[in-house]
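Given next are the chains, with one letter for each unit.
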Amino acid sequence: MHIGLIAGIGPAATDFYYRGLIDRHAQAGIPLDLTMAHADVREMSRNLVAGNPTRQAEIFAGLVQRMKGAGAEAAVITSMGGHFCVKELTAISPLPVLNAIPAVDAALAKRGLRKIGILGTRVVMETHLYGGIPSVEVVPTEGAALDRVHDTYVAMATIGHVTEAQRQVFFEEGRRLRARGAEAIMLGGTDLFLAFADHDPGFPVIDCADIHVDAIFATSAR
(Lines give C-alpha, C1' and ligand atoms only; values in the text may rest on other atoms or scores of the structure.)
Protein backbone atom coordinates (compact mmCIF):
# COMPACT_ATOMS: atom_id res chain seq x y z
CA MET A 1 0.00 0.00 0.00
CA HIS A 2 1.17 3.49 -0.87
CA ILE A 3 1.45 5.45 2.42
CA GLY A 4 1.30 9.24 2.74
CA LEU A 5 3.15 10.82 5.66
CA ILE A 6 2.27 14.29 6.97
CA ALA A 7 5.84 15.26 7.82
CA GLY A 8 7.76 18.07 9.49
CA ILE A 9 5.96 18.01 12.87
CA GLY A 10 8.71 18.03 14.08
CA PRO A 11 11.69 17.25 11.88
CA ALA A 12 13.15 14.52 14.09
CA ALA A 13 9.77 12.78 14.28
CA THR A 14 9.65 12.65 10.48
CA ASP A 15 13.06 11.00 10.44
CA PHE A 16 11.91 8.47 13.08
CA TYR A 17 8.89 7.40 11.03
CA TYR A 18 10.75 7.38 7.72
CA ARG A 19 13.70 5.34 8.96
CA GLY A 20 11.40 3.02 10.90
CA LEU A 21 9.34 2.23 7.81
CA ILE A 22 12.44 1.82 5.64
CA ASP A 23 13.97 -0.63 8.13
CA ARG A 24 10.82 -2.71 8.56
CA HIS A 25 10.18 -2.97 4.82
CA ALA A 26 13.82 -3.83 4.11
CA GLN A 27 13.83 -6.58 6.75
CA ALA A 28 10.64 -8.03 5.30
CA GLY A 29 11.89 -7.74 1.71
CA ILE A 30 8.89 -5.62 0.76
CA PRO A 31 9.23 -2.41 -1.32
CA LEU A 32 8.22 0.79 0.47
CA ASP A 33 5.79 2.97 -1.47
CA LEU A 34 5.62 6.35 0.25
CA THR A 35 4.96 10.05 -0.30
CA MET A 36 5.56 12.85 2.23
CA ALA A 37 4.06 16.33 2.47
CA HIS A 38 5.60 18.93 4.75
CA ALA A 39 3.56 20.62 7.50
CA ASP A 40 4.74 23.60 9.56
CA VAL A 41 5.42 22.54 13.16
CA ARG A 42 5.16 26.13 14.41
CA GLU A 43 1.75 26.61 12.80
CA MET A 44 0.59 23.32 14.30
CA SER A 45 1.88 24.39 17.72
CA ARG A 46 -0.09 27.63 17.51
CA ASN A 47 -3.30 25.77 16.66
CA LEU A 48 -2.61 23.26 19.43
CA VAL A 49 -2.13 25.98 22.05
CA ALA A 50 -5.17 27.88 20.76
CA GLY A 51 -7.33 24.75 20.97
CA ASN A 52 -8.22 24.91 17.27
CA PRO A 53 -8.28 21.32 15.95
CA THR A 54 -10.66 22.22 13.13
CA ARG A 55 -8.20 24.64 11.55
CA GLN A 56 -5.33 22.19 11.85
CA ALA A 57 -7.42 19.40 10.36
CA GLU A 58 -8.16 21.61 7.37
CA ILE A 59 -4.45 22.22 6.88
CA PHE A 60 -3.67 18.52 7.15
CA ALA A 61 -6.53 17.64 4.77
CA GLY A 62 -4.99 19.86 2.11
CA LEU A 63 -1.72 17.98 2.45
CA VAL A 64 -3.53 14.64 2.31
CA GLN A 65 -5.23 15.73 -0.91
CA ARG A 66 -1.82 16.48 -2.36
CA MET A 67 -0.53 13.04 -1.36
CA LYS A 68 -3.63 11.39 -2.78
CA GLY A 69 -2.82 13.04 -6.07
CA ALA A 70 0.60 11.39 -5.89
CA GLY A 71 -1.00 7.97 -5.44
CA ALA A 72 -1.16 7.57 -1.65
CA GLU A 73 -3.90 5.27 -0.36
CA ALA A 74 -3.75 6.11 3.36
CA ALA A 75 -2.48 9.03 5.45
CA VAL A 76 -0.42 9.25 8.65
CA ILE A 77 0.13 12.09 11.14
CA THR A 78 3.77 11.66 12.18
CA SER A 79 3.27 13.21 15.61
CA MET A 80 1.41 12.26 18.79
CA GLY A 81 0.88 15.97 19.43
CA GLY A 82 -0.55 16.27 15.92
CA HIS A 83 -3.22 13.73 16.82
CA PHE A 84 -5.05 16.48 18.73
CA CYS A 85 -7.05 16.97 15.51
CA VAL A 86 -7.23 13.35 14.32
CA LYS A 87 -11.02 13.09 14.80
CA GLU A 88 -11.58 16.28 12.82
CA LEU A 89 -9.14 15.17 10.12
CA THR A 90 -10.69 11.71 9.82
CA ALA A 91 -14.06 13.35 9.15
CA ILE A 92 -12.80 15.38 6.18
CA SER A 93 -9.72 13.51 4.96
CA PRO A 94 -9.64 12.47 1.27
CA LEU A 95 -7.90 9.25 2.43
CA PRO A 96 -8.24 6.85 5.37
CA VAL A 97 -6.18 8.04 8.36
CA LEU A 98 -4.00 5.47 10.17
CA ASN A 99 -4.71 6.68 13.71
CA ALA A 100 -2.01 5.91 16.29
CA ILE A 101 -4.26 6.03 19.35
CA PRO A 102 -6.21 2.75 18.93
CA ALA A 103 -2.94 0.96 18.14
CA VAL A 104 -1.35 2.30 21.33
CA ASP A 105 -4.32 1.28 23.47
CA ALA A 106 -4.28 -2.23 21.99
CA ALA A 107 -0.53 -2.53 22.67
CA LEU A 108 -0.97 -1.44 26.30
CA ALA A 109 -3.77 -3.94 26.82
CA LYS A 110 -1.71 -6.73 25.24
CA ARG A 111 1.13 -6.04 27.67
CA GLY A 112 -1.24 -6.33 30.62
CA LEU A 113 -0.29 -2.96 32.11
CA ARG A 114 -2.57 -1.40 34.73
CA LYS A 115 -0.94 1.98 35.52
CA ILE A 116 1.29 4.14 33.35
CA GLY A 117 2.73 7.66 33.30
CA ILE A 118 2.78 9.82 30.18
CA LEU A 119 5.35 12.35 28.94
CA GLY A 120 4.64 14.67 26.02
CA THR A 121 2.80 17.91 25.30
CA ARG A 122 0.46 19.44 27.87
CA VAL A 123 -2.60 18.31 25.91
CA VAL A 124 -1.38 14.72 25.60
CA MET A 125 -0.60 14.54 29.32
CA GLU A 126 -3.78 16.29 30.52
CA THR A 127 -6.14 14.29 28.26
CA HIS A 128 -4.31 10.98 28.77
CA LEU A 129 -3.59 10.69 25.04
CA TYR A 130 -6.89 12.32 24.06
CA GLY A 131 -8.88 9.91 26.22
CA GLY A 132 -7.96 7.09 23.87
CA ILE A 133 -6.30 4.59 26.25
CA PRO A 134 -9.10 3.23 28.48
CA SER A 135 -7.24 -0.04 29.01
CA VAL A 136 -4.96 1.60 31.63
CA GLU A 137 -5.07 4.02 34.54
CA VAL A 138 -2.83 7.06 34.06
CA VAL A 139 -0.72 8.45 36.89
CA PRO A 140 -0.92 12.16 36.01
CA THR A 141 1.85 14.69 35.59
CA GLU A 142 0.59 17.79 37.38
CA GLY A 143 1.35 21.38 38.38
CA ALA A 144 4.79 22.81 37.75
CA ALA A 145 6.04 19.45 36.52
CA LEU A 146 3.44 19.41 33.75
CA ASP A 147 4.49 22.89 32.58
CA ARG A 148 8.17 21.96 32.76
CA VAL A 149 7.77 18.77 30.72
CA HIS A 150 5.56 20.50 28.13
CA ASP A 151 7.88 23.48 27.66
CA THR A 152 10.94 21.24 27.47
CA TYR A 153 9.29 18.93 24.97
CA VAL A 154 8.14 21.74 22.66
CA ALA A 155 11.60 23.36 22.71
CA MET A 156 13.24 20.03 21.82
CA ALA A 157 10.72 19.03 19.14
CA THR A 158 10.81 22.40 17.36
CA ILE A 159 14.53 22.15 16.58
CA GLY A 160 14.86 18.35 16.53
CA HIS A 161 17.72 18.23 19.02
CA VAL A 162 17.95 17.40 22.74
CA THR A 163 20.30 18.85 25.35
CA GLU A 164 21.44 16.94 28.42
CA ALA A 165 19.45 19.32 30.64
CA GLN A 166 16.29 18.58 28.64
CA ARG A 167 16.92 14.86 28.86
CA GLN A 168 17.13 15.07 32.64
CA VAL A 169 13.76 16.86 32.84
CA PHE A 170 12.11 13.85 31.21
CA PHE A 171 14.07 11.30 33.21
CA GLU A 172 13.35 13.01 36.54
CA GLU A 173 9.61 13.24 35.89
CA GLY A 174 9.55 9.63 34.72
CA ARG A 175 11.16 8.54 37.98
CA ARG A 176 8.61 10.57 39.96
CA LEU A 177 5.72 8.95 38.12
CA ARG A 178 7.27 5.55 38.66
CA ALA A 179 7.56 6.25 42.40
CA ARG A 180 3.85 7.16 42.43
CA GLY A 181 2.84 3.78 41.07
CA ALA A 182 3.33 3.86 37.29
CA GLU A 183 4.46 0.47 36.01
CA ALA A 184 5.93 2.05 32.88
CA ILE A 185 6.32 5.49 31.30
CA MET A 186 4.74 6.09 27.92
CA LEU A 187 6.53 8.40 25.51
CA GLY A 188 3.49 10.33 24.34
CA GLY A 189 5.55 12.69 22.21
CA THR A 190 7.11 11.37 19.01
CA ASP A 191 10.32 13.34 19.42
CA LEU A 192 11.03 11.89 22.86
CA PHE A 193 13.14 9.20 21.21
CA LEU A 194 15.80 11.93 20.97
CA ALA A 195 16.10 11.91 24.76
CA PHE A 196 15.66 8.19 25.39
CA ALA A 197 17.47 6.42 22.53
CA ASP A 198 20.64 4.66 23.75
CA HIS A 199 20.06 5.89 27.32
CA ASP A 200 18.77 3.97 30.34
CA PRO A 201 16.38 6.21 32.32
CA GLY A 202 16.02 3.64 35.09
CA PHE A 203 12.38 2.76 34.34
CA PRO A 204 10.43 0.81 31.67
CA VAL A 205 9.51 2.86 28.59
CA ILE A 206 6.76 2.42 26.00
CA ASP A 207 7.22 4.41 22.79
CA CYS A 208 3.92 5.43 21.16
CA ALA A 209 5.61 6.34 17.90
CA ASP A 210 7.28 2.94 17.61
CA ILE A 211 3.91 1.25 18.14
CA HIS A 212 2.44 3.50 15.44
CA VAL A 213 5.21 2.67 12.96
CA ASP A 214 4.58 -1.04 13.58
CA ALA A 215 0.88 -0.52 12.84
CA ILE A 216 1.62 1.47 9.67
CA PHE A 217 3.96 -1.25 8.45
CA ALA A 218 1.35 -3.93 9.12
CA THR A 219 -1.05 -1.99 6.88
CA SER A 220 1.41 -1.01 4.17
CA ALA A 221 2.78 -4.56 3.84
CA ARG A 222 -0.61 -6.06 2.99
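Residue numbers here run from 1 along each chain, matching the order of that chain's written sequence. Local features in a predicted model are, by the rule used here, given only for residues with pLDDT of at least 70; side-chain atom pairs are given and counted only at 80 or more, and totals for whole chains, interfaces and linings are based on all residues. The basis for every side-chain value is the complete set of non-hydrogen atoms in the structure, without hydrogens or water.

### Observations regarding the environment of glycine 51
Of note, glycine 51 is situated in the loop between α2 (41-50) and α3 (53-69). Taking C-alpha positions, glycine 51 is 8.9 Å from phenylalanine 84, a pair spaced 33 residues apart along the chain. Numbered from the N terminus, helices here are DSSP runs of H or I no shorter than four residues, and strands are runs of E no shorter than two.

### Considering the pairing of strand β6 (residues 184-187)
A simple rule labels every residue: compare its accessible area, found with a 1.4 Å probe on the protein chains alone, to the largest value its type can have, and call it buried under 20%, exposed over 50%, or partly exposed in between. Burial along β6 is two-sided: the residues Ala184 and Met186 and Ile185 and Leu187 are all buried. Of the pairings in the sheet, the one linking β6 to strand β7 (residues 205-207) comprises three bridges and is parallel in character. Each bridged residue has a counterpart across the sheet, and for leucine 187 the counterpart in β7 is aspartate 207. Any two strands between which DSSP finds at least two bridges are classified as paired.

### A look at the sheet that holds strand β2 (residues 34-38)
Reading across the sheet, the three strands line up as β2-β1-β3 and stay open at both edges, with parallel pairing between neighbours. Each end of this open sheet is capped by a strand with a single partner; those strands are β2 and β3 (74-77). Within this sheet the neighbouring strands show an average axis-to-axis angle of 25°, counted without direction. With five bridges joining them, strand β1 (residues 3-7) and β2 adopt parallel strand pairing. In this analysis an axis means a line fitted to C-alpha atoms, helices contributing only their contacting stretch, and an angle means the value between N-to-C directions, from 0 to 180 degrees.

### Topic: the nonpolar core
Ranked by size, the top nonpolar core spans 78 residues in total, and within it Ile6, Phe60, Ile133 and Phe170 carry the most contacts. Any two residues whose heavy atoms approach within 4.5 Å at even a single point are treated as in contact. Apart from residues no more than four positions distant in its own chain, phenylalanine 170 is found in contact with Leu119, Val149, Thr152, Tyr153, Met156, Leu192, Ala195, Phe196 and Phe203. What we call a nonpolar core is a set of buried Ala, Val, Leu, Ile, Met, Phe, Trp, Tyr and Cys residues that are connected through their side-chain atoms within 4.5 Å.

### What about the pattern of salt bridges?
By convention in these notes, a salt bridge is any Lys or Arg side-chain nitrogen within 4 Å of a carboxyl oxygen on Asp or Glu. In the structure shown here, the tally under the stated rule is nine salt bridges. In this structure, arginine 24 engages aspartate 210 in a salt bridge whose closest nitrogen and oxygen atoms are separated by 2.9 Å. A residue pair is termed long-range when its members are at least 10 positions apart, and arginine 24 in helix α1 (residues 11-28) and aspartate 210 in helix α10 (residues 208-220) qualify at 186 residues. For arginine 122, the salt bridge goes to aspartate 147, with nearest N and O atoms at 2.8 Å. With arginine 122 in helix α6 (residues 122-127) and aspartate 147 in helix α7 (residues 143-159), the pair connects residues that are 25 residues apart, well separated along the chain. Given a relative accessible area of 25%, arginine 122 falls into the partly exposed group. For aspartate 147, a relative accessible area of 33% gives the class partly exposed.

### Here we look at the packing of α7 against helix α8 (residues 164-179)
Contact geometry of α7 with α8 gives a least axis separation of 10 Å together with a crossing angle of 145°. α8 is crossed by α7, and the crossing has left-handed handedness. Taking contact as the criterion, the partners of Ala145, Arg148, Val149, Thr152, Tyr153, Ala155 and Met156 in α7 are, on α8, Gln166, Val169, Phe170, Glu173 and Arg176. Note that Gly is not counted as nonpolar here; it falls among the polar residues with everything else outside the nonpolar set of Ala, Val, Leu, Ile, Met, Phe, Trp, Tyr, Cys and Pro and the charged set of Asp, Glu, Lys and Arg. Per-class residue counts for the contact of α7 with α8 are seven nonpolar, two polar and three charged. Crossing handedness follows the turn of the near helix against the far one: under a right angle anticlockwise gives a left-handed crossing, and clockwise gives a right-handed one.

### Focus: the sheet that holds β6
Here we have four strands laid out as an open sheet, ordered β5-β4-β6-β7, and parallel in their pairing. Looking at which strands have only one partner, the edges of the open sheet turn out to be β5 (137-139) and β7. Geometrically, the sheet is characterised by an average inter-axis angle of 40° between neighbouring strands, direction not taken into account.

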